[in-house]
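Breakdown of the fold
As a plain string of letters, each chain reads:
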Amino acid sequence: FDRSYLVVAGEILLITGLIVLLFLYLSLFRPRIFDNLNHLAFINLLILIVIGLASTVIQYTSVSYFVIPYALLPVIVRVFFDSRTALFAHLIAMMIISLIVDNAFQFLIIEIAVGMTAVSSLKDMTQRSQLAHTALLIFVSYTLVHLSLEFISEGDLRRINWGPLVYFGISSGFMLFAYLLIYIFEKLFGLISAVTLLELTNVNSDLMMQFAERAPGTFQHTLQVSNLATEAAKKIGANSLLVRTGALYHDIGKMKHPEYFIENQLGGPNPLNTMDFEEAAKVIIGHVNDGIEIAKKEHLPEQII
């Protein structure tokens, strides 16, 4: 009884310590994530889901725990945040899971290598094909690390255990579902991914086509501002895709009354000259609220609005 009590106490202390380390990392190095309850809930939910899946498979099935797509955790976190946060969350989850697997050392070595591969292969996910590429690299990483450990422990090709390769293949295949999960988490937690931003920068979308038709001068101005802002963002290491998208939509409110803005007048009369100053100022300033109204109607992400 005393021994089992101490084991449970030790596990509780270790898990608590790992969770504290995660929160400490976020508070010190990622305060924007730490100060946002949605972001905190999202990262912790992902960790809980992965741990829950591992626990369920180990306790209630005879299937190898390597069948679980652990790499989905760092990939999804990386899509919304950054590589360091993704890898840190992955390490915390894997260390907690290592407490319930039968070969903790082998598990940790393999999964840490796989997590590093997943994060390194996905700098910015802007195309669905990148997931297939990442899945392939993850399978290669699984295979190489597993075989390396087998060579070290067995020292004989005839005694190598090839069985786990099947589970590695299944686990890597599950990576293809990441695109669907990213979409679901975007909607649930109000996040925004590079994939969504890339779709929004499509100037052939219905909204952009209406913009070009109703306010052609403003539309051209917007394209120029977007290009300039993108280059500036790159120079200072900002999120250039987010900046580009925001710049593309910053003047959509001018679609409502394009004739009041000089870039759409093409040398014709300026209707503002017939108004008093306060009325003219209200018309000009009003395009901001008009833009917010249009953006909400078109269901643009809150970050863009």
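Residues numbered from 1 in each chain as written. Predicted model: local features only at pLDDT ≥ 70, side-chain atom pairs only at ≥ 80, totals over all residues. Heavy atoms only, no water.

Brief notes about the overall build of the protein chain
The following threshold applies: Only DSSP runs of H or I reaching four residues or more are called helices, and only runs of E reaching two or more are called strands; each is numbered from the N terminus. We compute the radius of gyration over the C-alpha atoms and compare it with the globule rule, which gives 2.2 Å times the number of residues raised to the power 0.38. Only protein chains enter the accessibility calculation, which uses a 1.4 Å probe; a residue is then buried when its area is under 20% of its type maximum, exposed when over 50%, and partly exposed in between. Residues count as neighbours in contact if any of their non-hydrogen atoms are within 4.5 Å of one another. Only four residue types enter the charge count: Lys and Arg as positive, Asp and Glu as negative, with His and the chain ends excluded. Note on charges: their place is set at NZ of Lys, CZ of Arg, CG of Asp or CD of Glu.
Regarding its fold elements, the protein chain presents 14 helices and zero strands. Relative to the globule expectation of 19 Å for 305 residues, the C-alpha radius of gyration of the protein chain, 26 Å, shows a markedly less compact shape. Based on the C-alpha atoms only, the size of the protein chain along its principal axes is roughly 90 × 45 × 35 Å. Burial statistics for the protein chain: of 305 residues in total, 42% are counted as buried. Across the protein chain, the fraction of contacts at a sequence separation of at least 24, relative to all contacts at a separation of at least 6, is 67%. The distance from the centre of the 19 positive side-chain charges to the centre of the 25 negative ones in the protein chain is 4 Å.

Here's the deal with helix α8 (residues 164–173)
What counts here: The arc in question is formed by the directions pointing from the helix axis toward the C-beta atoms.
Within α8, burial applies to Pro 164, Leu 165, Phe 168, Ser 171 and Ser 172. On an axial view of α8, the arc spanned by its buried residues comes to 120°, and they lie on one face. If you follow the buried residues of α8, they end up packed against α6 (104–120) and α7 (129–154).

Notes on the nonpolar core
As a reminder, the rule being used: Residues grouped as a nonpolar core are buried Ala, Val, Leu, Ile, Met, Phe, Trp, Tyr and Cys residues, joined through side-chain atoms within 4.5 Å.
The biggest cluster of nonpolar side chains holds 58 residues, and the ones touching the most others in it are Phe 42, Tyr 70, Phe 80 and Ile 97. Counting only elements with at least two residues in this core, the list comes to α1 (2–29), α3 (37–60), α4 (72–80), α5 (83–97), α6, α7, α8 and α9 (178–189). The biggest single contributor to this core is α3, with nine residues. The next biggest cluster of nonpolar side chains, apart from the first, holds 18 residues, and it includes Leu 197, Phe 211, Leu 300 and Ile 304.

Topic: the packing of α3 against α4
When two helices pack together, their arrangement is captured by the angle between the axes and the distance separating the axes. Let me state the cut-off plainly: Lines fitted to C-alpha atoms define the axes here, with helix axes fitted over just the stretch in contact, and angles between the N-to-C directions of these axes take values from 0 to 180 degrees. In these notes the angle categories are as follows: under 35 degrees is roughly parallel, over 145 is roughly antiparallel, 65 to 115 is roughly perpendicular, and the rest is oblique. Think of it as three bins: nonpolar holds Ala, Val, Leu, Ile, Met, Phe, Trp, Tyr, Cys and Pro, charged holds Asp, Glu, Lys and Arg, and polar takes everything else, Gly as well.
With their axes 10 Å apart at the nearest point, α3 and α4 run at an angle of 170° to one another. In terms of their interaxial angle, α3 and α4 are classed as roughly antiparallel. Here Phe 42, Leu 46, Ile 47 and Val 50 of α3 lie close against α4, whose contacting residues are Leu 73, Ile 76, Val 77 and Phe 80. Partitioned by chemical class, the residues of the contact of α3 with α4 number eight nonpolar, no polar and no charged.

Examining the environment of Val 7
Within the element layout of this structure, Val 7 appears in helix α1. The sequence separation of Val 7 and Ala 229 amounts to 222 residues, and the corresponding C-alpha distance is 57 Å.

Some points on a nonpolar patch on the surface
As a reminder of what qualifies: The residues that make up patches have over 30% relative accessible area and no salt bridge, and they are joined within 9 Å when like-charged or within 5 Å when they are Val, Leu, Ile, Met, Phe, Trp or Tyr. Residue exposure ignores everything except the shown protein chains as possible cover, and the areas themselves are Shrake-Rupley values with a 1.4 Å probe. Salt bridges, as used here, are contacts in which a Lys or Arg side-chain nitrogen is within 4 Å of a carboxyl oxygen on Asp or Glu.
The grouping of Leu 21, Leu 24, Leu 28 and Phe 29 at the surface amounts to a nonpolar patch, some 400 Å² of accessible area in total. If you trace the backbone, Phe 29 turns up in helix α1. Residue classification places Phe 29 among the partly exposed positions, given a relative accessible area of 47%.

A few points about the pattern of salt bridges
By the definition in use, this model includes seven salt bridges. Close ionic contact of Asp 82 with Arg 30 constitutes a salt bridge, the shortest N to O distance being 2.9 Å. Here Arg 30 lies in the loop between α1 and α2 (31–34) and Asp 82 lies in the loop between α4 and α5, a separation of 52 residues in the sequence. Among the residues examined, Asp 82 registers a relative accessible area of 18% and is labelled buried.

Thoughts on the packing of aromatic side chains
How we decide: Any two rings among Phe, Tyr and Trp, with Trp reduced to its six-membered ring, count as a pair given centres within 6.5 Å; such a pair is stacked if its planes are under 30 degrees apart, edge-to-face if over 60, and tilted if neither.
All told, the structure shown has 16 aromatic pairs when counted by the stated rule. Both rings, one in Tyr 70 and one in Phe 107, keep their centres 5.4 Å apart while their planes meet at 85°; by these two values the pair is edge-to-face. In this pair, Tyr 70 sits in the loop between α3 and α4 while Phe 107 sits in helix α6, placing the two residues 37 residues apart along the sequence. As far as the burial class goes, Tyr 70 and Phe 107 line up, both buried.

Comments concerning the packing of α5 against α6
Filter applied, for reference: Here is the rule for handedness: rotate from the far helix to the near one, and if that takes an anticlockwise turn smaller than a right angle the crossing is left-handed, while a clockwise turn gives right-handed.
Here α5 crosses α6 at 160°, and the two axes come no closer than 10 Å. The angle between the axes of α5 and α6 places the two elements in the roughly antiparallel class. Judged by the twist between their axes, the crossing of α5 over α6 is right-handed. Together, Ser 83, Ala 86, Leu 87, His 90, Leu 91, Met 94, Met 95 and Ile 97 of α5 and Phe 107, Leu 108, Glu 111, Ile 112, Gly 115, Met 116 and Val 119 of α6 make up the contact between the two elements. Split by residue class, the contact of α5 with α6 holds 11 nonpolar, three polar and one charged.

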